[in-house]
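Each chain, written out:
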Amino acid sequence: MSYRVGIDTGGTFTDLVAVDVAARRLVVAKRPSTPAAPQRAVFEALDGCGIPPEDIEFLILGTTIALNAVHTRTGARVLYVTTAGFEDVPFIQRLNRKHHYDLQWIKPDPFCERRDCLGVAERVDKNGRVVVPLTDEALERLGTAVAQRLSEEPGRPVAIAVNLLFSYATPVHEQRIAEFLAERFPAVPVSLSHNVAPIWREYERGLTTIIDAYAKPLVGRFVREVDHELARRRVTVPWAVMKSNGGNMLAAAAESQPVQLLLSGLAGGIIAGKYFGDRAGSGNVISLDMGGTSTDVGVVADGEYGYTTEYQVEWGLPVAAPFIDLTTIGAGGGSIAWIDNGGFLKVGPQSAGADPGPACYDRGGTEATVTDANVVLGRVDPRFFLGGDLPLHPDRAWAAVDKIAARVGLSVEAAAHSIVAVANENMADAIRLVTVERGLDPREFDLVAFGGAGPLHAADLAEAIGIRRIIVPPHPGLGSAFGALLADLRVDRIWTHGYRSTDLDPARFEERFNEMTASAVQDLRAEGFDGTPLLLRSISMRYLGQNYEQDIPVPPGTISSASLREVMRRFDRQHEQFYGYHIAGETMEFIHFKISAIGPLPKVDLPPLPSQETPTARTVRQVYFKTSGRQDCPVYRRADLGAGARLRGPALIEEENSVTLVHPGQDLDVTRDGMLVITGIDAGAGGRAAAGNVMGEQR
Amino acid sequence: MTSATDPTDLTTLSVIHNHLVNICREMGTAMMRTAYSPIFNEGLDFSCVLFNRDGEMIAQAEFCPAQLGAILYTVKWSIAELGLDSFEEGDVVIHNDPYRGGCHMPEHMVLKPIFYEGELFGFAANIGHVAEIGGMAPGSFAATATDVFQEGLRLPLVKIMRRGEYVHDLWKLVLANHRTPRNTWGDFHAMIGSLHIAERRVHRLLDKYGVAFINAACRELMNHAERWMREEIRRMPDGEYAFEDVMEDDGATENPTHFRVTMVIRGDEIIADWSRSDPQARGIVNATFGVTASATYNAIFHVTDKNIPHNSGCYRPIKIIAPPGTCVNVRYPGPSVAGNTESHPRMVDLILGALAEAVPERVAAAEGGTSCNFLFGGVHPDTNQYYVNYHFEGGGWGGRAFADGNSALIVPNGNCRNTPVEVFETRYPFLTQWYRLVQDSCGPGTHRGGLGTQRVIEVLPPAEITVSAVFERMKVSPWGLFGGGCANNSAILIKKRGDTTFRTFKEVYHTTSPAKFVNCVVSAGDQILLEAPGGGGYGDPTQRSTEAVLRDITQGFISADAGRELYGVVTRRVDGRHEVDVDATAAQRAKMSSTAALPAAR
Amino acid sequence: MAGHWEQRNTDWWDTTVLNCSLCGQMIPRDIWVVEAASETRLFCGPDCERLYLEYWLPKYGASQRDASP
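About the cut-offs
- Residues numbered from 1 in each chain as written.
- Chains lettered and ligands numbered in written order.
- Predicted model: local features only at pLDDT ≥ 70, side-chain atom pairs only at ≥ 80, totals over all residues.
- Heavy atoms only, no water.
- Helix = DSSP H or I, 4+ residues; strand = E, 2+ residues; numbered from the N terminus.
- Buried < 20%, exposed > 50% of the residue type's maximum accessible area, 1.4 Å probe, protein only.
- Contact = heavy atoms within 4.5 Å.
- Areas by Shrake-Rupley, 256 points an atom, 1.4 Å probe, with all protein chains shown as cover.
- Rg over C-alpha atoms; globule rule 2.2 N^0.38 Å.
- Lys, Arg positive; Asp, Glu negative; His and termini not counted.
- Charge placed at Lys NZ, Arg CZ, Asp CG, Glu CD.
- Buried area = accessible area lost by both parts, 1.4 Å probe.
- Salt bridge = Lys/Arg side-chain N within 4 Å of Asp/Glu carboxyl O.
- Polar contact = N/O pair within 3.5 Å; in protein donor to acceptor, adjacent residues only side chain to side chain.
- Nonpolar A, V, L, I, M, F, W, Y, C, P; charged D, E, K, R; others polar.
- Axes fitted to C-alpha atoms, helices over the stretch in contact; angles between N-to-C directions.
- Parallel < 35°, antiparallel > 145°, perpendicular 65-115°, else oblique.
- Left-handed = near helix turned anticlockwise from the far one by under 90°.
- 1 Å grid on protein atoms, 1.4 Å probe; cavity = no way out; pocket = protein on both sides within 12 Å on 5 of 7 lines; lining within 4 Å.
- Points joined across faces, edges and corners; volume = space filled by probe spheres on them.
- pLDDT = per-residue confidence, 0-100.
- Pairing = 2+ DSSP bridges.
- Disulfide = S-S within 2.5 Å.

**Q** In this structure, what is going on with the overall build of chain C? I would like to understand it.
**A** Along its length, chain C carries 1 helix and 3 strands. Going from the N terminus to the C terminus, chain C shows its helices and strands as β-β-β-α. Taking all 69 residues of chain C together, the buried fraction comes to 39%. Intrachain contacts of chain C at a sequence separation of at least 6 include 41% that bridge at least 24 residues. Here chain C has roughly 4,000 Å² of accessible surface; of this, 49% comes from carbon and sulfur atoms.

Have a look at this one:
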């Protein structure tokens, strides 16, 4: 036996998925998370899954410890070292406000105190030329300031973030400061902006570096504790953590790039989404992971997920490292329904969480939540929630929803339906945001539904958006852990330097790409990858005068004038697709040159399901549907369904960690891989969007 | 088509409202990502709206508050002036006329009729600030203008696209009269491109729900917003609340211009009566009707429920009185370019000041009140290309009933982001010496105001740059409320190469005003200082908790001297840390409450 | 006072603006004309005539700035 094990520590639950590739065996486990010491749940899951330590071939963790520390403000004390005169950049931020008309809003704190922002006399210009040299005296002054602060709260973790102006143009001063700090304060972790996020815009880069430093000590502690426990259990294989760019890295490297862990748990969902989309023959997939508190939405287009360097941990607090383009919204099973001052029904973002939880948990919650609404509608079996581990109290659900119903003048069931509809509208919005605002048509995508609640809401969502096919993977409640298993090793590099399309230098681009590739592959090797890496090159570019770039993939082969012309053609096409026009012959600016070196890990195949023709329902229940009111709905156990099984809605497919809803008239098929595929969705009318204009052309 | 449910069902209304706002948001995202002027793509100085065929606004996305009132009128009046019959499919109409509802000359409105299955359904429109529009000074801020002709090229209501084709003569005329025609070309494309996106999305919405359903839903949404706004107003105590403030000078003369408002709350209606304001100024600080409308709604939105959908309905209970020929409704051919960035925030603060008596827990003390407009242009030594830039700063906002004011924020008529130093220096031949918060710039209070910023930039050789500026709050400080004190003023100063001190542009270049001037030439080695004001304080500063004062001193937001003189908190340094001297503080505060001498609080 | 609607009649090249004599808004096309003994007033609609009578006159009386255009 030889298992690859993926473990994801979520906010409420810690999930484990283990696959024996050769024997095609799948093992799963789920435990409540232990937020005070996240790794404890990891080991409880490991202990409880029944796999002996010597059978573990590879272990990868997705963890939200960095994101939690950021949200709960429990990271290290950060000393922010920057060019003298610019110490206030983290506080000035970008001048804009979260809402237009909100006198209650308070600008967010940048994870450090103003008195901990230390200026160093040095200066570099936009070309990387030194304007004010960095002297030993300046370093000494810095040393004194740091030493004084370190003496103030002994025992409190401290880390240093260094962000000098134009560090992306030349790293030399930051490197010198790093050497000085390493020599003078060897125990203090240091983050350098030219490593963390070598892009322009000093606030974004600085804040990213601060967050990196903020999380460094606790990530280091986490890694050491897990190492220690694994050693105790005689698990000897190197283990990895999942990165926010969808790749993974050996744990030993995690402490050097903590900012890469911010989306660690969340990225797994979209990776799993891509995998299952692939297996279902679709390169265009929207992955939706709906849990108790939040829903994560991601897009895979033409087989690739998108990246962003504009992720915000909180409004106004950006992270400028390349992350998988995920949108998280406050919509989950525990989201609370409420009426605003205008009488509109709203759902979330406040959540009842796991404690007290929805009213039907009977732990003291009295607000109606989405789960309560689903219980009223009959979609959730109160005795089989979480496999029966958590019996629900339907009378509490009815009472809670009744309070809303009374205020909006609807029957309890109609009110429950409205609550679910509003929650779905929030999720549909998120889906529109990640597709339509990127020029993609969601009706051309399949929906892969994960999480405890994703498969339950998928049928409604697909109808609302116009999606024609839903895919529910096996063990959908464990999507992130499965995704962790699938993540390849991945290293990104970026070089920022503006060029005009009238003045390109193909030889120089080729040279820089090769240098970055060599450096990235070196990192891959250090992380244990022996094979042939997959190399992706792209250029971020824009029309001269615009301020936003788009990533355009570079064709393989040596870079030449011809291949650069092809890049420009691709840019025109993409601009047309997103914005409805392109400007023929316009000068372009080439800004960022990016490479990703990917070390693909062996593919995982799921054990095939035994065949079956006619599934048998376990029971029949009364479920409320909008079109028909309450009607009989057969309820199946997923474990009873085999490959080839086919049924028509209405139907509920229950399993330990989730439930899938099929609307009347929809069709469900079970594939050999164990996926549930729903078709026959009434997606409503719609025509293809009209072709865009070419504004630079004569008519 | 989906099976039609009741268009007045609240869930459905919520969904439709969402769809409509998302369409406007998409328009804006497209504009932001494709426009050429940084005022568009970083500053987000634009607005996107959808109207029905009756000229009522059915949805608006949140981009720039400056135009939120004006766009109501520019679109409605444009439709009425041309008449519905004169619109054809593929037409795009444009104007930047300040007397037709515009905010000021740089703001251009583009408007497109949306036809569906041959019938006119409604309109999509946006307003955007085009950075260069000709006129007497580069960068569209003619600080010393005395008439609209000097401000730039004024387009009355004209078609820029006709049946999907460029109206070539108009494009040629406009591009010949702007100094950076390439930027105008790109910005116009971005604006018009976003209208096409709106049309596509609206078609899809109509495909799904049908025209009748959407129209009924929009009517209900407007009525709903109106009812909600009336409910909010009803909750405010009836009365007449007056307040006044001043624009210090107008660029042409050194005379101040007084803006006066009486907010009349009667039942579920508000009248914003600006009629006692001064006659219009000779120079640029006049507000157009569009600016007065935008400022009035902006202030009212700040003190009412922010979930009220912003469509025509929520504006119905608010009546604005702004006699033409006064500084709140400039008449042709009076200038108005500073009205949008400088008078608008003054007017917002005025209304908040007026309503302080009615709803004290919802208002804030005066914010910085100036965008610190700094315009510059020249030929870039590296590329030999002509460039123009519109630069602004963010000041402190006023303290409020429950918290300090935020530091370094854009004025309330905008929601722009600054240009990062690295982007600024990559594009323009300057070196930034520093960019920081200004200690003690905040108005003292139980809750103090926010801090302003100071930036110093040095011209790099061999550049020669022509600069203009429009500043306010250099003489009259942002005021406090309920015993809170005033904040620091703004500043724009120059230190010529070889000089040792910073002086005003009036001293060095002999301009009429140190705050509003055009076309001063600066060259290599000259340094320019731009300082934004802080926000006023709220409440008596001697009531501020000593912990909060100590924290301010420790973090460097205020000095120990200010702590003592303004807040009555005496501190001392022990082992390099600040500590409160409790007894001395008690004595100091006792002394202060008996003399009660604070600078110009209201 | 009896008001009636009239349409603005300007040449196609004339871009001058007419304003309501109560609220100051531009009147793009349809004028609410109110004729009294001594003068004619132009409003953007009957609502402004009403407000003029019940709010403006009691507060300010007719004034020079307020004269019809």
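Right, picking up where we left off after that structure.
**Q** How should I be thinking about the overall build of chain B in this particular structure?
**A** Each helix and strand counted, chain B has 15 helices and 22 strands in total. Radius of gyration (C-alpha) of chain B: 25 Å, near the 25 Å computed for a compact globule of 602 residues. Its C-alpha atoms give chain B principal-axis dimensions of about 80 × 60 × 45 Å. A buried classification covers 70% of the 602 residues belonging to chain B. In chain B, the proportion of contacts linking residues at least 24 apart, taken out of those at least 6 apart, comes to 72%. Here chain B holds 55 positive side-chain charges and 69 negative ones, and the gap between their average locations is 1 Å.

**Q** What is the right way to read the interface of chain B and chain A from this model?
**A** How big an interface is tends to be stated in terms of accessible area lost as the parts join. Across the contact, 103 residues belong to chain B and 80 residues belong to chain A. Each partner contributes to the roughly 8,200 Å² buried at the junction of chain B and chain A, and carbon and sulfur atoms together form 51% of this total. Applying the counting criterion to the chain B and chain A interface returns 5 salt bridges. Where E586 of chain A meets R182 of chain B, a salt bridge forms, and the shortest distance between an N and an O atom there is 3.2 Å. Our count for the chain B to chain A interface comes out at 33 residue pairs in polar contact (both at pLDDT 80 or more). Those elements giving two or more residues to the side of chain B that touches chain A turn out to be α1 (10-34), β7 (165-166), α6 (181-209), α7 (211-234), α8 (289-302), α11 (421-427), β14 (430-437) and α13 (546-555) of chain B. The element best represented in the side of chain B that touches chain A is α1 of chain B, accounting for 14 residues. Grouping the amino acids of the side of chain B that touches chain A by side-chain chemistry returns 43 nonpolar, 35 polar and 25 charged.

**Q** Any chance you could explain the packing of helix α1 (residues 38-48) of chain A against helix α7 (residues 202-232) of chain A here in plain terms?
**A** Two numbers describe a pair of packed helices, the interaxial angle and the distance between the axes. Residues and elements named next belong to chain A. One way to put it is that α1 packs onto α7 with a least axis distance of 10 Å and a crossing angle of 30°. Classified by the interaxial angle, the pair formed by α1 and α7 is roughly parallel. Crossing handedness for the pair α1 and α7: right-handed. In contact with P38, Q39, F43 and L46 of α1, α7 contributes F222, E225, V226, E229 and L230. Taken together, the residues of the contact of α1 with α7 break down into 6 nonpolar, 1 polar and 2 charged.

**Q** What exactly am I supposed to notice about the layout of surface pockets here?
**A** Over the atoms, a rolled probe matching the size of one water molecule traces out where space is still vacant. In this structure, the second largest pocket spans a volume of roughly 1,400 Å³. As for the second largest pocket, its lining consists of 41 residues, of which R500 and E589 of chain A together with T383, T426 and R427 of chain B are closest to the centre. Residue assignment for the lining of the second largest pocket shows that the elements contributing at least two residues are β25 (489-500) and β28 (588-599) of chain A together with α2 (38-41), α6, β13 (386-391) and α11 of chain B. Of the residues contributing to the lining of the second largest pocket, the split by class is 16 nonpolar, 16 polar and 9 charged.

**Q** Would you take a moment to explain the confidence of the model for chain C for this structure?
**A** Detailed reading of the predicted model is not advised wherever pLDDT is low. Per-residue pLDDT for chain C averages 87, and the proportion of residues at 70 or more is 88%. Both confidence scores are given for the complex: pTM 0.90, ipTM 0.93.

**Q** What am I meant to see in unusual backbone geometry here?
**A** The phi torsion of most residues other than glycine is negative, and most of the peptide bonds are trans. Here the bond from Y332 of chain B into P333 of chain B is cis, since omega is 0°, no more than 30 degrees from zero. Tracing the backbone shows P333 of chain B in the loop between β11 (318-321) and α10 (339-355). The linkage connecting P461 of chain B with the following residue, P462 of chain B, adopts the cis geometry, with an omega of 0°. Among the structural elements, P462 of chain B can be located in the loop between β15 (453-459) and β16 (464-470). One non-glycine residue with positive phi stands out, namely D302 of chain A, at about 55°. By relative accessible area, D302 of chain A is classed as exposed at 70%. Here A408 of chain B, not a glycine, exhibits a phi torsion of approximately 50°, which is positive. Take A408 of chain B: it is sitting in the loop between β13 and α11. Residue classification places A408 of chain B among the buried positions, given a relative accessible area of 0%.

**Q** For this particular structure, what's the right way to read the pattern of salt bridges?
**A** Taken as a whole and judged by the stated rule, the model has 92 salt bridges over all chains. Residue D381 of chain A is joined to R621 of chain A by a salt bridge in which the shortest nitrogen-to-oxygen separation is 3.7 Å. With D381 of chain A in the loop between α10 (370-376) and α11 (394-408) and R621 of chain A in strand β29 (residues 619-625), this residue pair connects regions lying 240 residues apart in the sequence. The partner of R564 of chain B in a salt bridge is D561 of chain B, and the shortest N-O contact between them spans 3.3 Å.

**Q** For this particular structure, what's the right way to read the interface of chain B and chain C?
**A** Contact residues are listed per partner, giving 27 residues for chain B and 20 residues for chain C. Taken together, the two surfaces of chain B and chain C that pack against each other cover about 2,000 Å², and 56% of this comes from carbon and sulfur. Where chain B packs against chain C, one counts 2 salt bridges. Remark: the boundary between chain B and chain C carries 8 residue pairs in polar contact (both at pLDDT 80 or more). Sort the elements by how many residues they give to the side of chain B that touches chain C and helix α3 (residues 70-82) of chain B lands first, with 4 residues. Within the side of chain B that touches chain C, the residues separate by chemical class into 14 nonpolar, 5 polar and 8 charged.

**Q** For this particular structure, what's the right way to read the pairing of strand β12 (residues 373-379) of chain B?
**A** Two faces, one strand: in a regular strand the side chains alternate between the faces of the sheet. Residue and element names in this part refer to chain B. Burial analysis of β12 places 6 of its 7 residues in the buried class, which makes it a mostly covered element. With 5 bridges joining them, β12 and β16 adopt antiparallel strand pairing. By the bridge assignment, N373 is partnered in β16 with V470. With 6 bridges joining them, β12 and β13 adopt antiparallel strand pairing. Looking across to β13, one finds that G378 is bridged to Y387. The antiparallel hairpin formed by β12 and β13 contains 6 residues in its connecting segment, where N384 sits at a positive phi of about 60°.

**Q** Help me understand the environment of R176 of chain A in this model?
**A** All names here are of chain A. With respect to the helices and strands, the residue R176 is situated in helix α5 (residues 172-184). Taking the C-alpha atoms as reference points, R176 and G454, separated by 278 residues in sequence, lie 50 Å from one another. The contacts of R176, once residues within four sequence positions are left out, are L134, T135, D136 and L139. Here L134 takes part through its backbone oxygen, which lies 2.4 Å from a polar atom of the side chain of R176.

**Q** Is there a simple way to think about the sheet that holds strand β17 (residues 491-495) of chain B in this case?
**A** Sheets are built from strands that pair by backbone hydrogen bonding, the pairs being arranged parallel or antiparallel. The strand order β14-β15-β20-β17-β18 (chain B) describes an open sheet built from 5 strands, whose pairing is antiparallel. Of all the strands in the sheet, the pair left with one neighbour each is β14 and β18 (503-504) of chain B.

**Q** Honestly, the sheet that holds strand β8 (residues 239-247) of chain B in this entry has me stumped. Any pointers?
**A** All names here are of chain B. Read across the open sheet, the 4 strands follow the order β8-β9-β10-β11; overall the sheet is mixed. With one partner strand each, in any of the chains shown, β8 and β11 form the two edges of the open sheet. Adjacent strand axes in the sheet meet at a mean angle of 15°, parallel and antiparallel pairs treated alike. Bridge count between strand β9 (residues 257-266) and strand β10 (residues 269-273): 5 bridges; the pairing is antiparallel. Within β10, the position partnered with M263 by the bridge is A272. The strands touched by α8 within the sheet are β9, β10 and β11, with β11 carrying the most contacts at an inclination of about 140°. Lying on the sheet, α10 is in contact with β8 and β9; it crosses β8 at an angle near 145°.

**Q** Even after reading the chapter, I still don't get the state of the cysteines, so can you show me in this structure?
**A** Disulfide: a covalent bond formed between the sulfur atoms of two cysteine residues. One pass over the full model with this rule turns up 0 disulfides over all chains. Here C117 of chain A stays unpaired: no disulfide links it, and the sulfur of C112 of chain A, its closest cysteine neighbor, is 3.9 Å away. As a non-bridged cysteine, C48 of chain B has C24 of chain B as the owner of its nearest cysteine sulfur, 6.8 Å distant. The class of C48 of chain B is buried, set by a relative accessible area of 0%.

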